[in-house]
Amino acid sequence: MSSNPPREFDRLLQDAPLVRAMGGALSMFATLLARQGIVEASEVANLLGIYAVATSEVDNEEGMILGCWAAMIRDVAEQQRTATRK
């Protein structure tokens, strides 16, 4: 693999702290919604993942960011599931 990332991912790498911060904030809100019994965090992650795929058809960079957020929420949902089982 080339040492130079593809051009479409350049900005994503530059904005990594912002992407992580927003993903963390979205994960917090998904957790709050789940605690209130409104929607499970895993459903939020799945819907955001679907939206990410659709968005990537128009703007790959934006789709990648949304996909990162969906993965972060999915990780939180899995941690919550694991904690509940214990």
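Residues numbered from 1 in each chain as written. Predicted model: local features only at pLDDT ≥ 70, side-chain atom pairs only at ≥ 80, totals over all residues. Heavy atoms only, no water.

**Q** Help me understand the pattern of salt bridges, please; the structure alone is not making it clear to me.
**A** Opposite charge on two side chains lets them pair, provided their charged atoms get close. Taken as a whole, this structure holds 1 salt bridge when the rule is applied. Glu78 is paired through a salt bridge with Arg81; the nearest N and O atoms lie 2.9 Å apart. Taken together, the residues Glu78 and Arg81, both in helix H4 (residues 60–85) and 3 residues apart, mark about one turn of the helix. Using a relative accessible area of 33% as the deciding quantity, one classes Arg81 as partly exposed. (Salt bridge = Lys/Arg side-chain N within 4 Å of Asp/Glu carboxyl O. Helix = DSSP H or I, 4+ residues; strand = E, 2+ residues; numbered from the N terminus. Buried < 20%, exposed > 50% of the residue type's maximum accessible area, 1.4 Å probe, protein only.)

**Q** What is the right way to read the environment of Ala77 from this model?
**A** Relative to the assigned elements, Ala77 resides in helix H4. Separated by 35 residues in sequence, Ala77 and Ser42 have C-alpha atoms that sit 5.3 Å apart. When residues no more than four places from it in sequence are discounted, the contact partners of Ala77 are Ala41 and Ser42. (Contact = heavy atoms within 4.5 Å.)

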